[in-house]
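Letter by letter, the chains look like this.
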Amino acid sequence: MTEQTQSTLARRINRPLAWLAATGCLGLATVLAWPALDATQSPATSVTPAANKADADSPISFNRDIRPILSDKCFACHGPDAAVADGAGGFRLDVREGAVVPAKASGKVPIIPGDAANSEVIKRVTSDKPNLVMPPPGAHNKVSAAEADLLKRWIDQGAVYEGHWAYQMPTKPALPELNEASEQWVKNNIDRFIAARLEKLSLTPSQEADRATLLRRVSLDLTGLPPTPQEIDAFIADPSPDAYEKVVDRLLNSPHFGERLALIWLDAARYGDTNGFHHDNIRTAWPWRQWVIEAFNTNMPYDQFVTEQLAGDLLPNATEKQILASGFCRMHNINDEGGALNDEYLVEAVADRIETIGTVLMAQTYTCARCHDHKYDPIPQEDYFATWAFFNSVEGERGVYPNNRTAARAYPPFMMWQTDADRQRQADLEAKLKPMQAEHDKSSDTFKDIHLSLNKPGKVTWADAKFTNASAKVKRTKLTPQDDGSVLVSGVNPDQEKFTFKYRTDQQGMQVVRLDALRDPSLPEGGLGRAKNGNAVLTYIEAKAVSIANPKQSQDLAFVYAHADYEQPEGDYKIQNALWPDMLGWAVGSHLQGGGRQVLILTGQPFGYEGGTELVVTLHFNSEYIEHTLGRVRIDAGVLAKGTLPDDAAEYFARANAMKAVADQIQLLKDNAVPVLIMKEAAKPVPSYILERGAYNKPITDNPIPRKPPSMVDLPMPEGAPNNRLGFAQWLTQDEHPLTARVHVNRLWQML
């Protein structure tokens, strides 16, 4: 690759991080920008180990040169299994503190730093006596002379142990020296390491691929799609020296680039469009998927990418997109089976969450530590549940949810997600509606006492309307007609509901609708609604008049004024709210004042058809306060006497109609929004305990586990970091963290 290509690709890196220059951002340029990547080599992957050089004084690396020998020859008896080591001389070689002290059995020191000649290990591996040599002859695993020489040199150099290479900061190795033949073809620093390995193996590089093959390779790598015949022809015909660079730029700027990288991330993050368990209902997680694609296409810095997915909702002044990103933590399976145990599956949800985080972000298999410690596992059980403690406090989260196809799209906590275009359109309409509402409120004094006129004898002629049908959105909700013309609600009481009532009348010229909310002994507290305290909140009322003679002829009734004889005083719960679908609604305050409630509503235009009219009235109950539906309802319609309305009523109604038109557009945009799973921190942290053998119902409650990062990485939480998911994300993305960037780079290398 030419220097110009390197420069082109490097421009896709927004800001290289000290912790791994190659992963400053998400773009694949992070692994193609060769000059940055030479800083990422770990001791485990260097292609020119110092131990292979002729210089006997060159430093020996424990991880690179010594650990493989000890692991192969010695650890079976003198390794991590302390019980085995105690029975095999009473010393360990996998940790320095067990190797530089006298063995329990013989009293001899296995390793004397700086003195290989007197170290018992050297005496044993070089002995020719069957009763002394190690490993014993029966193991058939003799230490070679070259391996013994490495051990001697390492001990004489001080027997410096190193932690596992993955938990050490990547270091920048010196560029390898090459022979003249290799110098002829290398074009960048990555090539130098490849060439050094080829030299060591006495191999030569393959011939450069032809242009069609090269284009196919890079197209599949960067977009997952093969080049078109036209693209192949254009590349072959391009004589410019930067032809390849232009192809790479085009592919990096393709929307398919983000899709290609997102495929890998979505698989790792266990993305799915359904909930996985039992009914496997549809889950509207696609907005989070689009966020991932956009993050790759805009070359978002990787630390930001990680932080927003783990704790976007906890960022100061979090944007909707940052909150959306936190859906990463909710992509686990969700259960809605009636016989499943809530506590069990709540544990499974958190376990899935932290095990995914451990695997995807640190390449650590957290799963085994859930039940108990393992001698070969760097993650003790306590660390498992210390990480758990960061991610188990989610507001409203359950292990088992009710089986409801609509709610299953995103069980709490969730957000309603709109496209950028819809969100902007809604903001514009809301800005338009605000001054209209203010002007309308100024003139509403004219109608302040209109309800008094409507209740006077002779002002309204109530139609002789015949009740024909009532239905609920939820099938198991029962609506039963009563002798007084009302309808009584019973059966299930869902979180949200919608009732539709139908009446027939021959009356024409109607302009007022009356809604009576009645108490009933069958309702909670003998109240007006079905909430536990007897309360109810009507969020929206709509109606339609349909011609019986010609059902294709109908009129959506525009309600322009409403009055209720009582409105709950705590908060904004006025009846006017129920005229607009995006308002808080009308709360009846059943628990605050006795008696029934009556609402009078005016329409902007008279309604009613010759030959008869079917009046369809729909009541919506979508309050944030669940199960707050009315329990007994009666509806009438009537004709106003002449002179009942003020002279300026027409102007008032016209303004109200215009407002409703805008409000309807706003509601349509809101209806287009989809629910998406997100994270939302609980107000109070949920205690974390070790679960005995990982069982959901066996917490060791006398030992609460505090939040802290896993100890296998010797790195404290950043100074000033909050002790929550955001702080954990900041710990993961510190410059000094040895795993986070390394793991993502390896994922991208695997893709290539």
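Residues numbered from 1 in each chain as written. Predicted model: local features only at pLDDT ≥ 70, side-chain atom pairs only at ≥ 80, totals over all residues. Heavy atoms only, no water.

(A) Geometry of the overall build of the chain. The helix and strand tally for the chain stands at 25 helices and 18 strands. Against the compact-globule benchmark of 27 Å for 752 residues, the chain has a radius of gyration of 37 Å, which places it well outside the compact range. With the C-alpha coordinates aligned to their principal axes, the bounding extent of the chain is approximately 120 × 75 × 40 Å. Sorting the 752 residues of the chain into buried and exposed places 49% on the buried side. A separation threshold of at least 6 residues defines the contact pool for the chain, and within that pool the share at least 24 residues apart is 69%. In the structure as shown, the chain presents an accessible area of about 35600 Å², 52% of it carried by carbon and sulfur atoms. Put simply, the chain has 78 plus and 94 minus side-chain charges, and the middle of one group is 3 Å from the middle of the other. (Helix = DSSP H or I, 4+ residues; strand = E, 2+ residues; numbered from the N terminus. Rg over C-alpha atoms; globule rule 2.2 N^0.38 Å. Buried < 20%, exposed > 50% of the residue type's maximum accessible area, 1.4 Å probe, protein only. Contact = heavy atoms within 4.5 Å. Areas by Shrake-Rupley, 256 points an atom, 1.4 Å probe, with all protein chains shown as cover. Lys, Arg positive; Asp, Glu negative; His and termini not counted. Charge placed at Lys NZ, Arg CZ, Asp CG, Glu CD.)

(B) The sheet that holds strand β9 (residues 540-547), seen in detail. Across the sheet, which stays open at both edges, the five strands sit in the order β3-β6-β14-β9-β10 with antiparallel pairing between neighbours. Strands at the two margins of the open sheet, each flanked by one partner only, are β3 (466-472) and β10 (554-556). Along the sheet, successive strands turn relative to each other by an average axial angle of 15 degrees, direction set aside. (Pairing = 2+ DSSP bridges. Axes fitted to C-alpha atoms, helices over the stretch in contact; angles between N-to-C directions.)

(C) View of the packing of helix α15 (residues 255-268) against helix α25 (residues 740-751). In the contact formed by α15 and α25, the axes pass within 11 Å of each other and the chain directions differ by 120 degrees. With respect to each other, α15 and α25 are oriented oblique. Classified by chirality, the crossing of α25 by α15 is right-handed. Note on element contacts: α25 touches α15 through His 744, Arg 747, Leu 748 and Met 751, opposite Arg 260, Leu 261, Ile 264 and Trp 265. For the contact of α15 with α25, a count of residues per class yields five nonpolar, one polar and two charged. (Parallel < 35°, antiparallel > 145°, perpendicular 65-115°, else oblique. Left-handed = near helix turned anticlockwise from the far one by under 90°. Nonpolar A, V, L, I, M, F, W, Y, C, P; charged D, E, K, R; others polar.)

(D) Local environment of the environment of Pro 135. Examined against the element boundaries, Pro 135 turns out to sit in the loop between α8 (120-126) and α9 (145-156). Judged by relative accessible area, which is 11%, Pro 135 ranks as buried. Spatially, the C-alpha atoms of Pro 135 and Ala 76 are 9.9 Å apart, while their sequence positions differ by 59 residues. Setting aside chain neighbours within four positions, we find Pro 135 in contact with Lys 73, Asn 141 and Val 143.

(E) The arrangement of the pattern of salt bridges in detail. Inspection of the entire model under this criterion finds 32 salt bridges. Ionic pairing is found between Lys 375 and Asp 81, a salt bridge with its closest N-O pair at 2.2 Å. In this pair, Lys 375 sits in the loop between α19 (342-362) and α20 (381-391) while Asp 81 sits in the loop between α5 (75-78) and α6 (82-87), placing the two residues 294 residues apart along the sequence. In this structure, Arg 634 engages Asp 484 in a salt bridge whose closest nitrogen and oxygen atoms are separated by 3.4 Å. Placement of Arg 634 in strand β15 (residues 632-640) and of Asp 484 in the loop between β4 (477-481) and β5 (487-491) is noted, with a sequence separation of 150 residues between them. (Salt bridge = Lys/Arg side-chain N within 4 Å of Asp/Glu carboxyl O.)

(F) Fine view of the side chain of Thr 618. Looking at the secondary structure, you find Thr 618 in strand β14 (residues 613-621). Using a relative accessible area of 9% as the deciding quantity, one classes Thr 618 as buried. Non-local contacts of Thr 618, meaning those with residues more than four positions away in its chain, are made with Lys 498, Phe 499, Thr 500, Tyr 540, Ile 541 and Glu 542.

(G) Highlighting the packing of aromatic side chains. In this structure the tally under the stated criterion is 23 aromatic pairs. Centre to centre, the rings of Tyr 384 and Trp 388 are 6.2 Å apart; their planes meet at 40 degrees, and the pair counts as tilted. One end of the pair is Tyr 384 and the other is Trp 388, both in helix α20 and four residues apart, which spans about a single turn. The exposure classification of Tyr 384 matches that of Trp 388, with both residues buried. (Phe/Tyr/Trp six-rings, centres within 6.5 Å; stacked < 30°, edge-to-face > 60°.)

(H) Region of interest: the environment of Thr 618. Distance in space between the C-alpha atoms of Thr 618 and Asn 533 is 24 Å, their sequence separation being 85 residues. A distance of 3.5 Å separates polar atoms of two side chains, one belonging to Thr 618 and the other to Thr 500. (Polar contact = N/O pair within 3.5 Å; in protein donor to acceptor, adjacent residues only side chain to side chain.)

(I) Local environment of unusual backbone geometry. The omega torsion across Met 134 and Pro 135 is -10 degrees, close enough to zero to call that bond cis. Going from Pro 412 to Pro 413, the amide bond is cis rather than trans, its omega being -5 degrees. With respect to the element layout, Pro 413 can be found in the loop between α20 and β1 (414-417). With a phi angle near 50 degrees, Ala 159 is a residue other than glycine that sits in the positive phi range. Position of Ala 159 relative to the elements: it lies in the loop between α9 and α10 (180-185). Notably, Asp 280 is not glycine yet its phi reads approximately 55 degrees, a positive angle. In this fold, Asp 280 is placed in the loop between α15 and α16 (286-297). Residue Asp 280 is classed as partly exposed on the basis of its relative accessible area, which comes to 34%.

(J) Structural detail: the confidence of the model for the chain. Looking at the chain, pLDDT values average 88 and 91% of them are 70 or higher. Throughout residues 1-54 the model reports pLDDT below 50, and contacts reaching past four residues in sequence, or to other chains, amount to 154 contacts. (pLDDT = per-residue confidence, 0-100.)

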